[in-house]
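# Fold and contact review
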Amino acid sequence: MFLALGLQCGAAEEETATPNLYGELNPPAVAGVSVVKLEARSAEIEWPANLSSAGTFRTEVRRFAIVDGELQMSWVDFPTAVISRRGEHYRAHLDGLTPQQPYWVRILPEGAAAAAVEPLFAVRFQTPTRVPWITARQATIWGLGGALGVLVWLRWGRRGA
């Protein structure tokens, strides 16, 4: 909007690079990596075991903070992640997520030179909205059951009168 106003006022058509505060919004795709289960408060990420010879991994999540009035990004450990091997795949289970929030998660192999290790991959996803405590199907069943109960009561109640 501001760029359009500047051009209309005769400002120079000079392209300025806008800093990307979020880093890579869409991390590069890695074959075989996917978010296989996504719920309001949890997610599971799966990747082929042949991506790394490491046997243990670390999970990090991207965090944003305002420090001295500036937006800063950092990767922090996701301590509740549980990583397990399932046949030819590894799976990371992330619990304690916030509904309807975007997440950037990366997986790093652990080992002797863990500090210098590059991430295997990063994925981006958004958790869905919170699921209500009663689903629409359950509400329909309870509603029909209640209506049937009232009809039976009216039918049998009149018979006794």
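Residues numbered from 1 in each chain as written. Predicted model: local features only at pLDDT ≥ 70, side-chain atom pairs only at ≥ 80, totals over all residues. Heavy atoms only, no water.

## Section: the overall build of the protein chain
Along its length, the protein chain carries two helices and eight strands. If you list the helices and strands of the protein chain from N to C, you get α-β-β-β-β-β-β-β-β-α. Buried positions account for 24% of the 161 residues belonging to the protein chain. For the protein chain, long-range pairs separated by at least 24 residues make up 61% of all intrachain contacts whose partners lie at least 6 apart in sequence. A total accessible area of about 11800 Å² is found for the protein chain, and carbon and sulfur atoms account for 57% of it. (Helix = DSSP H or I, 4+ residues; strand = E, 2+ residues; numbered from the N terminus. Buried < 20%, exposed > 50% of the residue type's maximum accessible area, 1.4 Å probe, protein only. Contact = heavy atoms within 4.5 Å. Areas by Shrake-Rupley, 256 points an atom, 1.4 Å probe, with all protein chains shown as cover.)

## Some remarks on the nonpolar core
Ranked by internal contacts, the top residues of the largest apolar core, which has 20 residues, are Ile 45, Trp 47, Leu 94, Val 105 and Phe 125. The set of elements that each furnish at least two residues to this core consists of strand 2 (42-48), strand 3 (57-67), strand 6 (89-95), strand 7 (102-109) and strand 8 (121-126). Sequence-distant contacts of Leu 94, defined by excluding residues within four places in its chain, comprise Arg 41, Ser 42, Ala 43, Ile 45, Thr 59, Phe 78, Ala 81, Val 105 and Phe 125. (Core = buried A, V, L, I, M, F, W, Y, C linked by side-chain atoms within 4.5 Å.)

## Comments concerning the sheet that holds strand 3
Across the sheet, which stays open at both edges, the four strands sit in the order 4-3-7-8 with antiparallel pairing between neighbours. Of all the strands in the sheet, just strand 4 (70-77) and strand 8 have a single pairing partner and so form its edges. Averaged over all adjacent pairs, the angle separating strand axes in this sheet is 30 degrees, with direction ignored. By the bridge criterion, eight bridges tie strand 3 to strand 4 in an arrangement that is antiparallel. When the sheet's bridge partners are listed, Val 67 is paired in strand 4 with Glu 70. (Pairing = 2+ DSSP bridges. Axes fitted to C-alpha atoms, helices over the stretch in contact; angles between N-to-C directions.)

## Quick notes on the environment of Gly 55
Position of Gly 55 relative to the elements: it lies in the loop between strand 2 and strand 3. Each C-alpha atom, one on Gly 55 and one on Glu 110, is 7.8 Å from the other, the two residues being 55 residues apart in sequence.

## Concerning a nonpolar patch on the surface
Residues Val 150, Leu 151, Trp 153 and Leu 154 make up a contiguous nonpolar surface patch of roughly 440 Å² in combined accessible area. Inspection of the secondary structure puts Leu 154 in helix 2 (residues 136-160). The exposure class of Leu 154 is partly exposed, given its relative accessible area of 36%. (Patch = residues over 30% accessible without salt bridge, like charges linked within 9 Å, V, L, I, M, F, W, Y side chains within 5 Å. Salt bridge = Lys/Arg side-chain N within 4 Å of Asp/Glu carboxyl O.)

None of the figures reported here should be taken as evidence of function without further support.
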